[in-house]
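Residue-level structural notes
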Amino acid sequence: MNKLELVQALKDSNGLSKPEAEKVVSIFFNEMADALARGDRVEIRGLCSFFVKEYKSYTGRNPKTGEKVKIAPKKLPFFKAGKELKERVDR
């Protein structure tokens with residue numbers, strides 16, 4: 001399911017107009033992204049959680065040349081499936 005299909009499902013199931021459904025979906029995703037950018041955890045009970053992992057800098061190696069390269073510290077978002085989602089998918 002992509003964003004457009006989500007908008008269509010919201011529109012069909014709740015009797016919203018397409019612009020209203022698009023606005024709801026956009027607000028939802030924008031708020032999630034803003035929370036993760038602040039370093040907050042986003043948890044949707046029964047479904048999943050999103051959180052940010054921080055990695056320290058380290059020395060890597062260029063695979064072509066073998067030259068040592070300093071890798072800058074970074075933050076990456078992670079997704080973790082909830083128990084109910086895991087069970088529902090496994091059925």
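Our structure is the block above this text.
Our subject in this report is the structure included herewith. Bear in mind that the values here come from a model prediction, so they are computed numbers and not experimental data.

Once that is clear, we can look at the packing of aromatic side chains. Tallied over the entire structure, the rule returns 3 aromatic pairs. Ring geometry for phenylalanine 51 versus phenylalanine 78: centroids 6.1 Å apart, planes at 20 degrees, classification stacked. Remark: phenylalanine 78 occurs in strand β5 (residues 74-81) and phenylalanine 51 occurs in strand β2 (residues 48-55); sequence separation between them is 27 residues. The side chain of lysine 53 reaches across the aromatic face of phenylalanine 78, ending 4.4 Å from its centre.

The next point concerns the pattern of salt bridges. Once their charged atoms are close, side chains differing in charge can pair, the charge on each being opposite to the other. If you walk through the whole model with that rule in mind, you get 4 salt bridges. Residue aspartate 40 is joined to arginine 38 by a salt bridge in which the shortest nitrogen-to-oxygen separation is 3.2 Å. Given a relative accessible area of 35%, aspartate 40 falls into the partly exposed group. Arginine 41 serves as the salt-bridge partner of glutamate 43, at 3.6 Å between the closest nitrogen and oxygen. For glutamate 43, a relative accessible area of 43% translates into the label partly exposed.

A separate point is the sheet that holds strand β1 (residues 42-44). Across the sheet, which stays open at both edges, the 3 strands sit in the order β1-β2-β5 with antiparallel pairing between neighbours. Both edges of this open sheet fall to β1 and β5, since each of them pairs with a single strand only. For this sheet the average axis-to-axis angle between neighbouring strands, irrespective of direction, equals 25 degrees.

About the thresholds
- Residues numbered from 1 in each chain as written.
- Predicted model: local features only at pLDDT ≥ 70, side-chain atom pairs only at ≥ 80, totals over all residues.
- Heavy atoms only, no water.
- Phe/Tyr/Trp six-rings, centres within 6.5 Å; stacked < 30°, edge-to-face > 60°.
- Helix = DSSP H or I, 4+ residues; strand = E, 2+ residues; numbered from the N terminus.
- Lys NZ or Arg CZ within 6 Å of the ring centre and 35° of its normal.
- Salt bridge = Lys/Arg side-chain N within 4 Å of Asp/Glu carboxyl O.
- Buried < 20%, exposed > 50% of the residue type's maximum accessible area, 1.4 Å probe, protein only.
- Pairing = 2+ DSSP bridges.
- Axes fitted to C-alpha atoms, helices over the stretch in contact; angles between N-to-C directions.

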